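Next come the chains, spelled out residue by residue.
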Amino acid sequence: MSMSAEHPRHKLNELVHSPVRFSIMAALAKAESLDFKDLRDAIQVSDSVLSKQLAILEKAEFVKIKKSFAGKMPRTSASLTAAGREVWAGHLQTLREIAGG
């Protein structure tokens, strides 16, 4: 690699790179969609932390939030958008480049 080539870290997505958001994206990448509670339990964060980080990812259009009812119980689920899947794949590829894999 020549000295003028830009380091791959510049291609990392700052939004995705945060540990909690990275964990959310990883969990959602493995599923069609996940219920809020399942996602919360999978990545071991509080409701408020998950809500805040999901809102950031939703605003970036990486995640789609769906609210529905199961009987009288409100249900919230999250899934990656097509853009979110693309960003996730690129982010992982960049991490591999940095790690030399």
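Quick note: structure is the one above.
### Section: the environment of Ala78
Mapped onto the elements of the fold, Ala78 is located in strand E3 (residues 73–80). C-alpha of Ala78 to C-alpha of Met25: the two residues are 53 residues apart in sequence and 10 Å apart in space. Not counting chain neighbours up to four residues away, the residues in contact with Ala78 comprise Leu28, Ser33, Leu34, Leu39, Leu54, Val63, Lys64 and Ile65.

### Thoughts on the packing of helix H2 (residues 19–29) against helix H5 (residues 82–99)
Packing of H2 against H5 brings their axes to within 11 Å, and their N-to-C directions diverge by 115 degrees. As the angle between them shows, H2 and H5 are arranged roughly perpendicular. Judged by the twist between their axes, the crossing of H2 over H5 is left-handed. Contacts from Phe22, Met25, Ala26, Leu28 and Ala29 of H2 reach H5 at Gly84, Arg85, Trp88, His91, Leu92 and Leu95.

### Digging into the sheet that holds strand E2 (residues 63–70)
Spatially, the three strands line up as an open sheet ordered E1-E3-E2, and their pairing is antiparallel. The sheet is open, and its two borders are formed by strand E1 (34–35) and E2, each paired with just one other strand. The pairing of E2 with E3 spans eight bridges and is antiparallel. Following the sheet pairing, Ser68 is matched in E3 by Arg75. Packing of H2 onto the sheet brings it into contact with E1, E2 and E3, and relative to E3 it is tilted by some 90 degrees.

Parameters at a glance
- Residues numbered from 1 in each chain as written.
- Predicted model: local features only at pLDDT ≥ 70, side-chain atom pairs only at ≥ 80, totals over all residues.
- Heavy atoms only, no water.
- Helix = DSSP H or I, 4+ residues; strand = E, 2+ residues; numbered from the N terminus.
- Contact = heavy atoms within 4.5 Å.
- Axes fitted to C-alpha atoms, helices over the stretch in contact; angles between N-to-C directions.
- Parallel < 35°, antiparallel > 145°, perpendicular 65-115°, else oblique.
- Left-handed = near helix turned anticlockwise from the far one by under 90°.
- Pairing = 2+ DSSP bridges.

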